[in-house]
Every structure is written in C-alpha cells, then in structure tokens.
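An overview of the molecular structure
Chain residues, written in single-letter form:
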Amino acid sequence: RNASDGLRDVVLAIASVAKGHLDEARLLTKKLPKSAAAVMLSSLACDEYLQALEAANFDPFAPALQPRPGQGASLMHVLR
C-alpha cells in the first residue's frame, strides 16, 4: 500500500512541526539539570523516525518504517 500525494503532504507538514519541536526541546535541554537528562532519550528515537520518514519520502506505509519485533525495546526501561 502506498501513500497518496495528499497524505504525503500532510505527513510532511506534521513531521516538519515535530522536527521544530525537537529542535526547540534540544535547545532547552541546556537548562535541565544533568539528573533530568534522561528525559531527552526518547527524542533520539523520534529523530531517527523522522529521518527514516524523510528517506521514505514521507510515506508512512513504507516497509522500512514498519515496526519489527524488538524494535524500540532498548528505550522501554527509560520510559517506564
């Protein structure tokens, strides 16, 4: 299944806003105490996904974007 051009446009718009929020959060990270730095670990996964989404031409149905067993498990202990 492939995304239509309209859907790709919407995904691009949402991804652009998300990237802006990540950039802003990274700027604000400097104000966090070092003990709270773990809060930003999830931003690594978000940034990686946004890069993969861009590589897939913003097609959310691209096979490279589909979850694989065990994917993301390394960050789950941080998010709990």
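For the structure itself, consult the block above.
A brief look at the structure comes next.

1. Brief notes about the overall build of the chain
When you go through the chain residue by residue, the secondary structure sums to three helices and zero strands. Taken from N to C terminus, the helices and strands of the chain fall in the order α-α-α. Relative to its full complement of 80 residues, the chain shows a buried share of 19%. With the model as given, the accessible surface of the chain reaches about 6,100 Å², and the carbon-plus-sulfur share is 62%.

2. Things to note about helix α2 (residues 41–55)
For α2, built from 15 residues, the straight-helix expectation of 21 Å at 1.5 Å per residue is met to within 8% by its first-to-last C-alpha distance of 22 Å. Residues of α2 that are buried include every one of S43, D47, L50 and L53, and no others. One side of α2 holds all its buried residues, which, seen down the axis, span an arc of 120°. In α2, the exposed residues that point more than 90 degrees away from the buried face are L44, E48, Q51 and A55. For α2, the secondary structure elements touched by its buried residues are α1 (5–29). Among the residues trailing α2, N57 stands out with phi positive, at a value near 55°.

3. Some thoughts on the side chain of S43
Along the chain, S43 falls in helix α2. Residue classification places S43 among the buried positions, given a relative accessible area of 7%. Those residues in contact with S43 that sit more than four places away from it in its chain are L22 and R26.

4. Quick word on the environment of A18
Secondary-structure assignment places A18 in helix α1. For A18, a relative accessible area of 28% translates into the label partly exposed. The spatial distance from the C-alpha of A18 to the C-alpha of L50 is 8.3 Å, given a sequence separation of 32 residues.

5. Description of the packing of α1 against α2
Two numbers describe how α1 lies on α2: the axes approach to 11 Å, and their chain directions differ by 145°. Judged by the sense of rotation from one axis to the other, the crossing of α1 with α2 is left-handed. Here V11, A15, A18, K19, L22 and R26 of α1 lie close against α2, whose contacting residues are S43, L44, C46, D47, L50 and L53. Grouping the constituent residues of the contact of α1 with α2 by class yields eight nonpolar, one polar and three charged.

6. As for the pattern of salt bridges
Applying the stated criterion to the full structure yields three salt bridges. Measuring nitrogen to oxygen at the nearest pair gives 2.9 Å for the salt bridge that ties K19 to D23. With a gap of four residues between them, K19 and D23 both fall in helix α1, about one helical turn apart. The partner of R26 in a salt bridge is D47, with the nearest N and O atoms 3.9 Å apart. With a gap of 21 residues between them, R26 in helix α1 and D47 in helix α2 connect regions that are remote in the sequence. The exposure class of R26 is partly exposed, given its relative accessible area of 29%.

Rules of the game
- Residues numbered from 1 in each chain as written.
- Predicted model: local features only at pLDDT ≥ 70, side-chain atom pairs only at ≥ 80, totals over all residues.
- Heavy atoms only, no water.
- Helix = DSSP H or I, 4+ residues; strand = E, 2+ residues; numbered from the N terminus.
- Buried < 20%, exposed > 50% of the residue type's maximum accessible area, 1.4 Å probe, protein only.
- Areas by Shrake-Rupley, 256 points an atom, 1.4 Å probe, with all protein chains shown as cover.
- Expected span 1.5 Å × (residues − 1).
- Arc of directions from axis to C-beta.
- Contact = heavy atoms within 4.5 Å.
- Axes fitted to C-alpha atoms, helices over the stretch in contact; angles between N-to-C directions.
- Left-handed = near helix turned anticlockwise from the far one by under 90°.
- Nonpolar A, V, L, I, M, F, W, Y, C, P; charged D, E, K, R; others polar.
- Salt bridge = Lys/Arg side-chain N within 4 Å of Asp/Glu carboxyl O.

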